[in-house]
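Given next are the chains, with one letter for each unit.
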Number of protein chains: 2
Amino acid sequence: MKQDKDLNYNLPSGFDIELIPSEKRLELHLLNIISTVFESYGFTPIETPAVERLEILQAKGNQGDNIIYEINPIVTSSEDDESKPGKSDRGLKFDQTVPLAAYIARHLNDLVFPFSRYQMDMVFRGERAKKGRYRQFRQCDIDVIGRQDLSIFYDAQMPAIIAEIFSRINIGEFIIRINNKKILQGLFEFFEVEAEKIKLCIQTIDTLEKVGKQRVKQDLQLQGLSEEQSGQIISFIELKGTVDEVLNFLKQKSSIIEKSSIFAAGVSELQSVIDGIRKLNVPETQYCIDLSIARGLNYYTGTIYETTLIDHESIGSICSGGRYDNLVGMFVGERMPGVGISIGLTRLLRKLLDNNILAPMSANPAQVMVLNLEEELIGFYLEISKKMRDQGIRVLTEFKSIKIGKQLKKADKLGISICLIIGSEEYKNNSCRIKMLKTGEQIDTSIDNLNDELQKRLKLN
Amino acid sequence: MKQDKDLNYNLPSGFDIELIPSEKRLELHLLNIISTVFESYGFTPIETPAVERLEILQAKGNQGDNIIYEINPIVTSSEDDESKPGKSDRGLKFDQTVPLAAYIARHLNDLVFPFSRYQMDMVFRGERAKKGRYRQFRQCDIDVIGRQDLSIFYDAQMPAIIAEIFSRINIGEFIIRINNKKILQGLFEFFEVEAEKIKLCIQTIDTLEKVGKQRVKQDLQLQGLSEEQSGQIISFIELKGTVDEVLNFLKQKSSIIEKSSIFAAGVSELQSVIDGIRKLNVPETQYCIDLSIARGLNYYTGTIYETTLIDHESIGSICSGGRYDNLVGMFVGERMPGVGISIGLTRLLRKLLDNNILAPMSANPAQVMVLNLEEELIGFYLEISKKMRDQGIRVLTEFKSIKIGKQLKKADKLGISICLIIGSEEYKNNSCRIKMLKTGEQIDTSIDNLNDELQKRLKLN
């Protein structure tokens, strides 16, 4: 076959998210852990199409940073096409939240509220490509959406879910940092910052880790705070301590509590969240209160979360989220408060692999490979493979007559741990040889005992 | 919150593939069955991005019927965007085969051949929207790709895989119809149809079920066959009988076999496929040889498959595929023969639901709902929910203090079968009430026995 040398078969920039089989199997393994934990808390799966109307994607004002891809059919001469030239009215979703809002409006009468859903779809963002930033990626999101109100205990479940997932994924120590945006808001109210400037101040705090406290102090002064006030704010948000120490510190701020009811509400919510987390038995080594996390995104209105790996801070937040009051009710025309978290799995998986925190799995899911020693035994190989499959064993049957050494090498490359060797001699004697690739161990057994021998060894793996 | 009344939050035409939770859970259940069977035969998962370069998507000549969507970032004033005005060079994939060919070229050295992969991604086609035709849909594909050659026994595994999947999905009786395109090709060679017209003749045969045999007879005559020859061809392809009867019929066509080596090769391949299927223990009620199936698509070169539900023929083929010689090697510049099958899951699921062949699952994955009888017991509800989760039980905890009747109704609507009722009285006595929603049965038990009682009842479900 002639190769078309001029064709560039590489993926377009930013879409190079493709995994080789051993990595893809790891992703599926992680997705399975994540969805299992989500479902154990009663989150139900949904999926929305990649495509929505542009008017919906562009409805939410504060997402201007995400460049939307519009889609257009390439018009051909065929009569049977979607002959729709001109301006597109459809685009690819850039997050799961706008589609969730539309989904709720579309299926309002089919849903039970509070509606707890998870979603692990791909999203698309036409941002400038740079290393580690993708234009298509998988986001694993959960959200609970209430009608009119939503119990604070849903906020308490989120850290328990995060902790359960990352403990099961087994990626070393992590810390879930919890704060409540009302506390920050109340703090600025106390210092009599004008309402419209509070947002900017909170965004400034959000840059603390990136730019350092000197810069944040300067930036706060640009918003009209005095040097002393800015210093007080920095000391406040930098407070370190056990969960109880921080809670006590907050409760003792009676001058702020008296002046700002929103501060008081934030402290009380934080207390409830911590109470709930404790009842859900999350080890205190896995979470803390961090008054400096601010989640610059304007839509968060209460509890906020960020999760980092303790030995790999450079990876950044691996799971974040929070409480919002006004994000998903817009198409229904109702107040629908929600709380949610998100794992950017495509980016996280790449980082975990690149930093050797997780290793790829075997390239093939088969547990046993049946070698091909004699062409005329292929019928028997098929038969015995099927019998193993009937016992729940995943089996790859080799049909190519190549040297046995090459076949073993192939099994090894695929990460298959057991090879089954049956030549004409074994076939005559109704026996077979089981070869364990990692140890080199070989066992000769009768075909009748094969299943027992395999089950024993597969459990060992 | 004010609703924006002017916004149309419905999905664009052809993208209305969205499922309500009880249906989405069924889809995940089917995907789980399908991937489990795929993996039991050593197929490994891959996924390719939705986006490829247009030059790649348009490289394969014979896919002009699928209108490709190009994507373009909507250019905004932001400096940080993908400022790429003008003609797009990227589009959405319309099948899994072109991306597979590109994937193989991209990862050639990481793959082991024959390469057996499965893929269950979404594909996009800008076809004219009509009922039951979607512009985005999930396709579940497996393919085995060889380098230079590929054993015919891979063709034999495909019907075994199809049979296993549809037996497990439990959708009633089905039949896998098997043919070999070489037999049809040889038949027309025998009648001395010119090479370039054979394709058209095979496409004509493909229309038999749709237009009837009189029309096919006429159309064959338009290709230069005599009335008698056309009649002979119709009788040939209409032959009914057991697998052995059809094979014997073919082997007795010595005049064709002598004249057409390709006919002889087709019969011999078909014999091997049937031999393999028998070794794989597929019941003969689930497959047959049907010489009239032709799979109009030009790229098939050997074995072809179509699967239909016996009691629901109107649904059409639920799984089809075949052997191709020249479909995926194009970017590598090598002969890479393959064999594969495809399940159009989005369309199939919709049909199975609409025809009441499968029923939706429960709307929520939770097995137990902990009712909220007393606000001050919420801490205890969280605690006991966590304990159940630690035993592998999926639990939804209710935080809203509404009437118990309403809570039971909610559990029922979500399809949760067991409710746990703990009021202040039960709490004091360290006891609880288990209510089975379907039977109305109620059991009072101590908290210490709760897990045993639940495990017993969950097994019954």
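The structure displayed is predicted, hence computed values, not measured ones.

Summing up its helical and strand segments, chain A has 17 helices and 17 strands in all. Seen through its principal axes, chain A has C-alpha atoms that stretch 90 × 65 × 45 Å. Taken over 461 residues, chain A has a buried fraction of 61%. In chain A, once contacts between residues fewer than 6 apart in sequence are set aside, the share between residues at least 24 apart is 68%. Roughly 19,000 Å² of accessible area belongs to chain A as shown, and the carbon and sulfur atoms make up 45% of that amount. For chain A, the distance from the average site of its 59 positive side-chain charges to the average site of its 64 negative ones is 3 Å.

Before going further, it helps to examine the environment of A:Tyr300. Residue and element names in this part refer to chain A. For Tyr 300, the position within the fold is in strand E10 (residues 300-309). A sequence separation of 137 residues divides Tyr 300 from Ala 163, and the C-alpha atoms of the two residues are 21 Å apart. For Tyr 300, the residues in contact, after removing those within four places along its chain, are Lys 181, Arg 295, Gly 321, Gly 322, Arg 323 and Tyr 324.

Right, let's get into the packing of aromatic side chains. Applying the stated rule across the entire model yields 26 aromatic pairs over all chains. On the basis of an interplanar angle of 45 degrees and a centroid distance of 6.4 Å, the ring pair of A:Tyr9 and B:Phe331 is categorised as tilted. Here B:Phe331 lies in the loop between strand E11 (319-324) and strand E12 (338-344) and A:Tyr9 lies in the segment before helix H1 (21-40), a pairing that spans two chains. Overall, the relative accessible area of 24% leaves A:Tyr9 in the partly exposed class.

Residues and elements named next belong to chain B. If you trace the five strands from one edge of the open sheet to the other, you get E14-E13-E15-E16-E17, paired in mixed fashion. Of all the strands in the sheet, just strand E14 (395-397) and strand E17 (442-446) have a single pairing partner and so form its edges. Here the strands of the sheet are splayed against their neighbours by 25 degrees on average, with no regard to which way each runs. Each of strand E13 (368-370), E14 and strand E15 (418-421) is contacted by helix H14 (residues 378-390), which is oriented at about 170 degrees to E14, the strand it contacts most.

Let us now look at the relation of the copies chain A and chain B. Each copy superposes on the other: chain A lies on chain B with an RMSD of 0.0 Å after a rotation of 180 degrees and an axial shift of 0.0 Å. Such a turn and shift between the copies fits a two-fold axis. Among all residues of chain A, the minimum C-alpha distance to the rotation axis is found for A:Ile71, at 2.3 Å. When the interface residues of chain A are mapped onto chain B, 100% of them again lie at the interface, so the same face is used by both copies.

Here the focus is the interface of chain A and chain B. A common way to express how large an interface is: the accessible area buried when the components associate. Each partner contributes residues to the interface: chain A has 117 residues there, and chain B has 117 residues. Scanning the region where chain A abuts chain B turns up ten salt bridges. Note that A:Glu47 is salt-bridged to B:Lys24, the shortest N-O span being 2.5 Å. Run the count over chain A and chain B and you get 32 residue pairs in polar contact (both at pLDDT 80 or more). The element contributing the most residues to the side of chain A that touches chain B is H1(A), with seven residues. Residues of the side of chain A that touches chain B, tallied by class, amount to 55 nonpolar, 24 polar and 38 charged.

In this model, A:Phe113 is joined to A:Pro114 through a cis peptide bond whose omega is -10 degrees. Checked against the element boundaries, A:Pro114 lands in the loop between helix H3 (97-106) and strand E5 (115-119). A positive phi is found at B:Asn170, a non-glycine position, where the angle reads about 65 degrees. Considering the arrangement of structural elements, one finds B:Asn170 in the loop between helix H4 (153-169) and strand E8 (174-180). On the accessibility criterion, B:Asn170 (59% relative accessible area) is exposed. The phi angle at B:Asn281 is positive, at roughly 65 degrees, despite the residue not being glycine. Relative to the helices and strands, B:Asn281 is located in the loop between helix H12 (261-279) and strand E9 (287-289). A residue is classified by how much of its surface remains accessible, and B:Asn281, at 56% relative accessible area, is exposed.

Attention shifts here to the sheet that holds strand E15 (residues 418-421) of chain A. Residue and element names in this part refer to chain A. Taken in spatial order, the five strands make up an open sheet running E14-E13-E15-E16-E17, and their pairing is mixed. Looking at which strands have only one partner, the edges of the open sheet turn out to be strand E14 (395-397) and strand E17 (442-446). Across the sheet, the mean angle from the axis of one strand to that of its neighbour is 25 degrees, orientation sign disregarded. Note: strand E13 (residues 368-370) against E15, three bridges, orientation parallel. Residue pairing across strands places Val 368 opposite Ile 418, the latter belonging to E15.

What follows concerns the pairing of E8(B). Residues and elements named next belong to chain B. When you tally the buried positions in E8, you get seven out of seven residues, the bulk of the element. Judged by which residues are buried, E8 turns out to be covered on both faces: Phe 174, Ile 176, Ile 178 and Asn 180 on one side and Ile 175, Arg 177 and Asn 179 on the other are all buried. Note that E8 and strand E10 (residues 300-309) share seven bridges and pair antiparallel. Paired with Phe 174 across the two strands is Leu 309, which belongs to E10. Sheet analysis places E8 next to E9, joined by three bridges and oriented parallel. What sits directly across from Ile 176, in E9, is Tyr 287.

Opposite charge on two side chains allows them to pair when their charged atoms are near. By the definition in use, this model includes 66 salt bridges over all chains. Close ionic contact of B:Glu284 with B:Arg278 constitutes a salt bridge, the shortest N to O distance being 3.4 Å. Residue class for B:Glu284 comes out partly exposed when judged on its relative accessible area of 38%. Shared partners join several salt bridges into a network, and the residues in it are A:Arg177, A:Glu209, A:Asp290, A:Arg295 and A:Glu306.

A few words now on the state of the cysteines. Enumeration over the complete set of coordinates arrives at zero disulfides over all chains. B:Cys288 forms no disulfide, and the closest cysteine sulfur to it belongs to B:Cys319, at a distance of 14 Å.

Our next topic: the confidence of the model for chain A. Residue and element names in this part refer to chain A. On average, residues of chain A carry a pLDDT of 93, and 94% of them reach 70 or more. Note that residues 77-81 has pLDDT below 50 and, in this model, nine contacts with residues that lie over four places away or in other chains. Interface predicted TM-score (ipTM) for the complex: 0.95; the corresponding pTM is 0.95.

Calculation notes
Numbering of residues starts from 1 in every chain and runs along the sequence as written. Note on labels: chains are lettered from A, ligands numbered from 1, in written order. At least 70 in pLDDT is required for a residue's local features to be given in this predicted model, at least 80 for side-chain atom pairs to be given and counted, and no such filter applies to totals for whole chains, interfaces and linings, which use all residues. Based on all heavy atoms of the structure, the side-chain values leave hydrogens and waters out of the count. In this description a helix means any DSSP run of H or I spanning at least four residues, a strand means any run of E spanning at least two, and both kinds are numbered starting from the N terminus. The classification of residues rests on relative accessible area computed with a 1.4 Å probe and restricted to protein chains. Under 20% of the type maximum is buried, over 50% is exposed, and intermediate values are partly exposed. Any two residues having at least one pair of non-hydrogen atoms within 4.5 Å are treated as being in contact. Surface accessibility follows the Shrake-Rupley procedure with a 1.4 Å probe radius. Residue values consider only the protein chains on display as shielding. The sign given to each residue is positive for Lys and Arg and negative for Asp and Glu; His and the chain ends receive no count. Every charge is mapped onto a representative atom, which is NZ of Lys, CZ of Arg, CG of Asp or CD of Glu. When two rings of Phe, Tyr or Trp (its six-membered ring) have centres within 6.5 Å they constitute a pair, described as stacked for plane angles under 30 degrees, edge-to-face for angles over 60, and tilted for the intermediate range. Strands qualify as paired when DSSP identifies two bridges or more between them. Angles here are taken between N-to-C directions and fall from 0 to 180 degrees, while the axes themselves are lines fitted to C-alpha atoms, restricted in helices to the stretch in contact. Superposing copies: least-squares fit, C-alpha atoms only, residues required to have pLDDT of at least 70 in both. Whenever a carboxyl oxygen of Asp or Glu lies within 4 Å of a side-chain nitrogen of Lys or Arg, that contact is scored as a salt bridge. Two N or O atoms form a polar contact when they lie within 3.5 Å of each other; inside protein one atom must be a possible hydrogen donor and the other a possible acceptor, and for residues adjacent in sequence the pair counts only when both atoms belong to side chains. Gly is placed with the polar residues, together with every amino acid not listed as nonpolar (Ala, Val, Leu, Ile, Met, Phe, Trp, Tyr, Cys and Pro) or charged (Asp, Glu, Lys and Arg). When two cysteine sulfur atoms are found within 2.5 Å, that pair is recorded as a disulfide. A score between 0 and 100, pLDDT records how confident the predictor is in each residue.

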